[in-house]
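Summary of structural features
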Amino acid sequence: MVNQILHTLVNEHYGNEGLLDRILAAAHDDGVVLNEARSHDFSPVAEFHIGGRGSTIELAKMAQLQPGDKVLDIGSGLGGPARTLVEEFGIFVEGIDLTHEFCVVANELTRMTGLAGQAKFSQGDALNLPSDTNSYDVVWTQQSCMNIEDKNRMLSEVHRVLKPGGTYVFHEVLAGTEASAIQFPVPWARADNMSFLWTQEAIRNSILKIGLIEQVWKNATCKYIEEYRALASKTGEVSQRPKLGIHLMLGEQSAVMRKNVLENLSQGLIAIYQGIFKKV
Ligand SMILES: C[S@@+](CC[C@H](N)C(=O)[O-])C[C@H]1O[C@@H](n2cnc3c(N)ncnc32)[C@H](O)[C@@H]1O
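These remarks concern the structure in this document. Bear in mind the structure is a predicted one, so any value in this text is a computation, not a measurement. (Residues numbered from 1 in each chain as written. Predicted model: local features only at pLDDT ≥ 70, side-chain atom pairs only at ≥ 80, totals over all residues.)

1. As for the site of the ligand
Around the ligand, the surrounding shell holds 25 residues, and the nearest of these are Phe 48, Gly 75, Gly 77, Thr 99 and Ala 126. Looking at the shell around the ligand, the elements that each hand over two or more residues are α1 (3-14), α5 (80-89) and β2 (92-97). Classifying every residue of the shell around the ligand gives twelve nonpolar, ten polar and three charged. (Near = placed C-beta within 6 Å. Helix = DSSP H or I, 4+ residues; strand = E, 2+ residues; numbered from the N terminus. Nonpolar A, V, L, I, M, F, W, Y, C, P; charged D, E, K, R; others polar.)

Have a look at this one:
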């Protein structure tokens, strides 16, 4: 697909005006004191991936992040993962995301939580990273690749910007073992024109082909399906759910999107994989 069309689809899907005001109003309604807010207060909306804040911490431990590491978060969303990493691991993050609105909100939530010295976000494309070669200790993609059709190009950018000895951290939604079409809408796409899920064999082979060395490759589907089921039941009903959540971005279709993710996971149509790779 022509890049520009995909860029527009991504911005239309994720970006929506007034998001910051809706997040702050919902956080206030949920009892957050805004001028004392901490990163985790915004996690229900800003950790926009299956597994939430817990999976970010687990992944960082798996990757053995070290204080002072310089991390590039590709597809950084509202900056939830970046702020968690800064707060818990003492690292520095640059986030790149195609959705302009997300970068604006990410920078403001980071300023409000006192972390602006360690995390900043700008609009950019994973296929043309605005970064120098050999410049990051860690490159992080956490459920950021589902809208990316040309994953080989993205991976060659990951390899280019990593320092020798640097780590690529991968946590993605992939195609499952069943070949049938997945049910839409899902949180990353309303239809199949912007969802590009590769099989685990295809993406793993591509990562190895660019010269990265595998340290961990694991199927985390079983672990996350149970967690997701609990979350979906808690947040499915409008009357039951907390004010702060992904419905602030995705609107009223968010409940059906969650239900479809669960169905797709249960039927083996999608899978969750985690990987840690090193650049030599
Ligand atoms: C499901 S969200 C995940 C956000 C974040 N990683 C998180 O876990 O909270 C996927 C993100 O990928 C971004 N994205 C999609 N295609 C991209 C591209 N080509 N370059 C950079 N970001 C992209 C979207 O704008 C969106 O913010």
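2. Some points on helix α6 (residues 100-112)
Relative to the 18 Å expected for 13 residues at 1.5 Å per residue, α6 spans 19 Å between its end C-alpha atoms, a close match to the ideal helical length. Of the positions making up α6, those classed as buried are Phe 102, Cys 103, Val 105, Ala 106, Leu 109, Thr 110 and Met 112. Immediately downstream of α6, the backbone of Gly 114 shows phi near 75 degrees, a positive value. (Expected span 1.5 Å × (residues − 1). Buried ≥ 20, exposed ≤ 12 C-beta atoms within 10 Å, placed from the backbone.)

3. Brief notes about the pairing of strand β1 (residues 70-74)
Buried residues dominate β1, accounting for four of its five residues. Relative to β2, β1 is paired through five bridges, and the arrangement is parallel. Bridge assignment links Val 71 to a residue of β2, and that residue is Val 93. With α5 bridging β1 and its parallel neighbour β2, the resulting β-α-β unit is right-handed. (Pairing = 2+ DSSP bridges. Right-handed = clockwise from strand over helix to strand, strands pointing away.)

4. Some remarks on the sheet that holds strand β5 (residues 162-175)
In spatial order, the strands read β3-β2-β1-β4-β5-β7-β6; together these seven strands make up an open sheet with mixed pairing. Both outer strands of the open sheet, β3 (119-123) and β6 (212-219), are each paired with one neighbouring strand and no more. When the angles between neighbouring strand axes are averaged without regard to direction, this sheet yields 15 degrees. On top of the sheet, α6 reaches β2 and β3; it is set at about 165 degrees to β3, its chief contact. (Axes fitted to C-alpha atoms, helices over the stretch in contact; angles between N-to-C directions. Contact = placed C-beta atoms within 7 Å.)

5. Quick look at the packing of helix α2 (residues 19-29) against α6
Where α2 meets α6, the closest approach of the two axes is 9 Å, and the angle between their N-to-C directions is 40 degrees. Classed by the angle they form, the pair α2 and α6 counts as oblique. Between α2, through Leu 19, Leu 20 and Ile 23, and α6, the contact on the second element is made entirely by Glu 101, Val 105 and Glu 108. Here the contact of α2 with α6 is built from residues that sort into four nonpolar, no polar and two charged. (Parallel < 35°, antiparallel > 145°, perpendicular 65-115°, else oblique.)

6. Concerning the packing of helix α7 (residues 151-161) against helix α8 (residues 200-209)
At a minimum axis separation of 10 Å, α7 and α8 run at an interaxial angle of 40 degrees. By crossing handedness, the relation of α7 to α8 is classed as right-handed. Contacts between α7 and α8 involve Lys 151, Asn 152 and Leu 155 from the first element and Ile 203, Ser 206 and Ile 207 from the second. Broken down by class, the residue content of the contact of α7 with α8 amounts to three nonpolar, two polar and one charged. (Left-handed = near helix turned anticlockwise from the far one by under 90°.)

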